[in-house]
Amino acid sequence: MIEIELDGKKVSVPPGSMVMHAADAADTYIPHFCYHKKLSIAANCRMCLVDIEKAPKPMPACATPVTQGMIVRTKSDKAIKAQQSVMEFLLINHPLDCPICDQGGECQLQDLAVGYGGSASRYTEEKRVVFHKPAGPLISMEEMSRCIHCTRCVRFGQEVAGVMELGMAHRGEHAEIQTFVGRSIDSELSGNMIDICPVGAITSKPFRYQARTWELSRRRSVSPHDSVGANVVVQVKNNQVLRVVPYENEDVNECWIADRDRFSYESLNSDARLTAPMIKQGGQWQTVDWPTALNYVVDGVKRVKGEFGVAGIGALGHPSSTVEELHLLAKLVRALGSESVDHRLRHADFTHTGGVRWLGTTIASLSKLDRALVIGSFLRKDHPLLAQRLRQAVRAGAEVHSVNALADDWLMPVATQLTVAPSAWLAALADVAHCIAKAQDGTAPFAGNCTPQAEAIAASLLNGTSKAVLLGNAAAQHPQASTLLALAQWIANATGATCGYLGEAGNNVGAQLVNALPGAGGLNAGQMLSQPMKALFLLGVEPELDAADAAAARAALGGSGLVVAMTPFRNAAADVADVLLPVSPFTETAGTFVNAEGRVQSFQGVARPLGETRPAWKVLRVLGDMLGLPGFGQQSADEVLAEALGDQTTLASRLSNDAALPTSLPSDAVSGFERVADVPLYATDSLVRRALSLQLTADARAPQASLPEKLWADLGLAAGDKVRVSQGGADAVLAARLDKTLAPTAVRVPAGHVLTAALGASFGAISVAKA
């Protein structure tokens, strides 16, 4: 450690630290604009000039390394005058429009100008004007005259988001931050530029002119959209959510959130909200009161149970539902006598050996990995914050490898990309295992070939100290998911790595912990969505968009008896439901999510339920009580949580990714072309699907059929052509796109979208013809 004197106090910091780091350690504030603890040092704003003994002039604290015995003064006349001079220069061209600036009240420049600015400007010349820049539906660059060229946004794109979408053009007083050739900002992490901009140059377009910061009440919450469980602060005015910003938690999301965490709140205020119970009578929806709707459900369930028994009663919960909701949903169905309950809506393999599947390590550790093998993941779009963690690791020298049906751009160098069609993923992992066993003079679980890619992955995993084998959403939803896990676990054990799932939604781990899974004799999600049910409860589920086989789900539910949809949106399941019960989204209810690493995170509602909306756990509790079932007398969400998770100190012992290897490698080879289906970034759940600004982004464009190079040539396609995609007896006409990174027999057709909902399962044979 190096010891320096800072404003008369002794401070010890590690070698290589800057004066700014020493000031942070001593809780001494040094004014700054360009410095950010998560970004590289630029030292271009000069606001952090400090007085260092024996230095001939003030030095920037953010870029001056500490030396043993250094004496630093941050409040001396020399330092203060230097900072005041910098402030005067910064204000020369800055417009004095704080009353109309969207950053007013939370602006670093505004705050520091009070302490370091003059009462009048000596600059009498005309201020420069920078014309607004179009940047897409999320980011507003309408007031770039306010930019002070700190370059935080530029460095964020390069170093965190992984794509440099902004840069500085021209020089001197003509310098401008702008996008490249008028392009929009399309990064899935772009909203963080709003937070790190110290002035009102980059602001939120959906929030623009909606409220002043001092008018907003603030409450902590947890985002439900992916397995990270990003900590957020939800800001409310007049009982309406107007903004969501990150809450810093180094172990979870650091100080970043993804754009879907930030902007999905728009759906909470949309016209699609269901504000009162509705019953379908004579094919027409009728608005009713809660007692009428609940009695209708209770009478219907009793009638079904009396006529058909419990075999046809089931429930499906979305994996972004809370622990409390999923626990009571499973408890309700089991109290009725059925074991048909599930949350694995997109899965094709329902083998479950009892262990709760999880990440296998901590989220924070991903930033420090030496080696990582990622199997079956559209990493950048499926898990923006986890991709950012791995990006950090790669910047520090880690090697990341991929096994997938295509080599999509993760915005980081990928050491090896083993690209094969989904039906060949098992064989690809067997090859890697074979190479590992060969290098260790051991026995591989199955026969394999040491291909160059498999050998490179094996050699890499056998080196390094911190390693992980990670299975993505496509691996979890694969028809041979259990065998993929078993092989991945074998590879991890043989190389000293951890093994686990990246996680599909906000509460996958929590859903398993509360046993929202079918019991003995019960139907799984695939069965309940492929055959008519006598009575089916849907919690936050849109069958046509959330099912692994949308076409089968629509047909099955169309022939089902009583379908009860508990949803915040009136159009979520209106075509198949008999009853719509308005339940609260995460901002209007108390609840708990368990993220991919097994971290339990509870939150409270931040706004009053809209209209007649009620928390889903309360609705389920009342239904259980009205049905005369025991154990539905809970009075609070905390009481439900305690019952659902039990002793939370034992949660870690319940997490396990152990899986038994089969005696032989299953072979479900697909002849011809096969589908690989990703779920677009803004089609993962009912909230993001109804967030207007997110639906205007490039990631929300109409789905395209991505074709490998040879198929593209064989069909004689050109840019702008369309193709007819056929699967499961249904067709869809989609725009065609050439993707040279696809495996030769793989065709990428997204799921979770109305334009592809008529097609069959997410994996399987598919045919393509020119339209």
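Residue positions are given per chain, counted from 1 along the sequence in the order it is written. For a predicted model such as this one, the threshold for reporting local features is a pLDDT of at least 70, and the threshold for listing and counting side-chain atom pairs is 80 or more; totals across whole chains, interfaces and linings nevertheless cover every residue. Working from all heavy atoms in the structure, the side-chain values ignore hydrogens and water.

- Looking at an unreviewed UniProt entry, one finds the protein named NADH-quinone oxidoreductase and attributed to Scleromatobacter humisilvae.
- The Function (unreviewed entry) comment attached to the protein in UniProt states, word for word, "NDH-1 shuttles electrons from NADH, via FMN and iron-sulfur (Fe-S) centers, to quinones in the respiratory chain. Couples the redox reaction to proton translocation (for every two electrons transferred, four hydrogen ions are translocated across the cytoplasmic membrane), and thus conserves the redox energy in a proton gradient."
- UniProt positions are given in the numbering used here, feature names are shortened, and annotations may be inferred rather than shown by experiment. Checking UniProt for the protein, the heading Sequence similarities (unreviewed entry) contains the comment "Belongs to the complex I 75 kDa subunit family."

## A closer look at the sheet that holds strand 16 (residues 341-342)
Okay, so step 1: Taken together, the seven strands give an open sheet; going across it, the order is 14-13-24-23-22-15-16, and neighbouring strands pair in mixed fashion. Of all strands in the sheet, those bounded by a partner on one side alone are strand 14 (284-287) and strand 16.
Okay, so step 2: Examined bridge by bridge, strand 13 (residues 278-281) and strand 24 (residues 579-582) share two bridges and lie antiparallel to one another. Bridge pairing links Met278 to Leu580 in strand 24. Strand pairing is assigned whenever DSSP detects at least two bridges linking the two strands. Helix and strand labels come from DSSP, where a helix needs a run of H or I of at least four residues and a strand needs a run of E of at least two; each type is numbered from the N terminus.

## Considerations on helix 14 (residues 481-495)
Okay, so step 1: For helix 14, built from 15 residues, the straight-helix expectation of 21 Å at 1.5 Å per residue is met to within 8% by its first-to-last C-alpha distance of 21 Å.
Okay, so step 2: Among all positions in helix 14, only Ala481, Thr483, Leu484, Leu485, Ala486, Leu487, Ala488, Gln489, Ile491, Ala492 and Thr495 are buried.
Okay, so step 3: Residues of helix 14 that are buried make contact with strand 17 (371-375), helix 11 (425-439), helix 12 (452-461), strand 20 (467-471), helix 13 (473-476) and strand 21 (498-501).
Okay, so step 4: Phi for Gly496, located one or two positions after helix 14, is positive at around 75°. Take the residue count of a helix, subtract one, and multiply by 1.5 Å to get its expected span. Residue burial is assigned from relative accessible area. The probe radius is 1.4 Å, only protein chains are included, and a residue is buried under 20% of its type maximum, exposed over 50%, and partly exposed in between. By definition in these notes, contact holds between two residues if any of their heavy atoms fall within 4.5 Å.

## Quick word on the sheet that holds strand 4 (residues 59-60)
Okay, so step 1: Here we have five strands laid out as an open sheet, ordered 2-1-5-3-4, and mixed in their pairing. Where the open sheet ends on each side, the last strands, each with one partner, are strand 2 (9-13) and strand 4.
Okay, so step 2: Examined bridge by bridge, strand 3 (residues 49-52) and strand 4 share two bridges and lie antiparallel to one another. The residue bridging Val50 from the neighbouring strand is Met59, located in strand 4.
Okay, so step 3: Between N-to-C directions, angles span 0 to 180 degrees; the directions come from axes that are lines fitted to C-alpha atoms, helices contributing only their stretch in contact. Contacts from helix 2 (residues 77-92) reach strand 3 and strand 5 (71-73), with the element oriented near 160° to strand 3.

## What about the UniProt feature "domain: 4Fe-4S His(Cys)3-ligated-type" (unreviewed entry) in the protein?
Okay, so step 1: On the UniProt side, "domain: 4Fe-4S His(Cys)3-ligated-type" (unreviewed entry) is annotated at positions that read residues 78-117 here.
Okay, so step 2: For residues 78-117, the helix share is 60%, the strand share is 0%, and the end-to-end C-alpha distance is 16 Å.

## A word on the side chain of Thr592
Okay, so step 1: Topologically, Thr592 is positioned in strand 25 (residues 591-594).
Okay, so step 2: Two N or O atoms count as a polar contact when they lie within 3.5 Å, although within protein this holds only if one can serve as hydrogen donor and the other as acceptor, and sequence-adjacent residues are included solely when both atoms are side-chain atoms. A distance of 2.8 Å separates the side chain of Thr592 from the side chain of Glu324, its partner in a polar contact.
Okay, so step 3: Within the structure, Thr592 has its side chain in polar contact with the side chain of Ser602 (distance 2.8 Å).
Okay, so step 4: Thr592 has contacts with Thr322, Val323, Glu324, Asn507, Val600, Gln601, Ser602, Phe603 and Leu641, leaving out every residue within four places of it along the chain.

## Notes on the pairing of strand 25
Okay, so step 1: Burial of the side chains of strand 25 extends over both faces: Gly591 and Phe593 are buried on one face and Thr592 and Val594 on the other.
Okay, so step 2: Pairing of strand 25 with strand 26 (residues 600-603), which is carried by four bridges, proceeds in the antiparallel orientation. Note on strand 26: the bridge partner recorded for Thr592 is Ser602.

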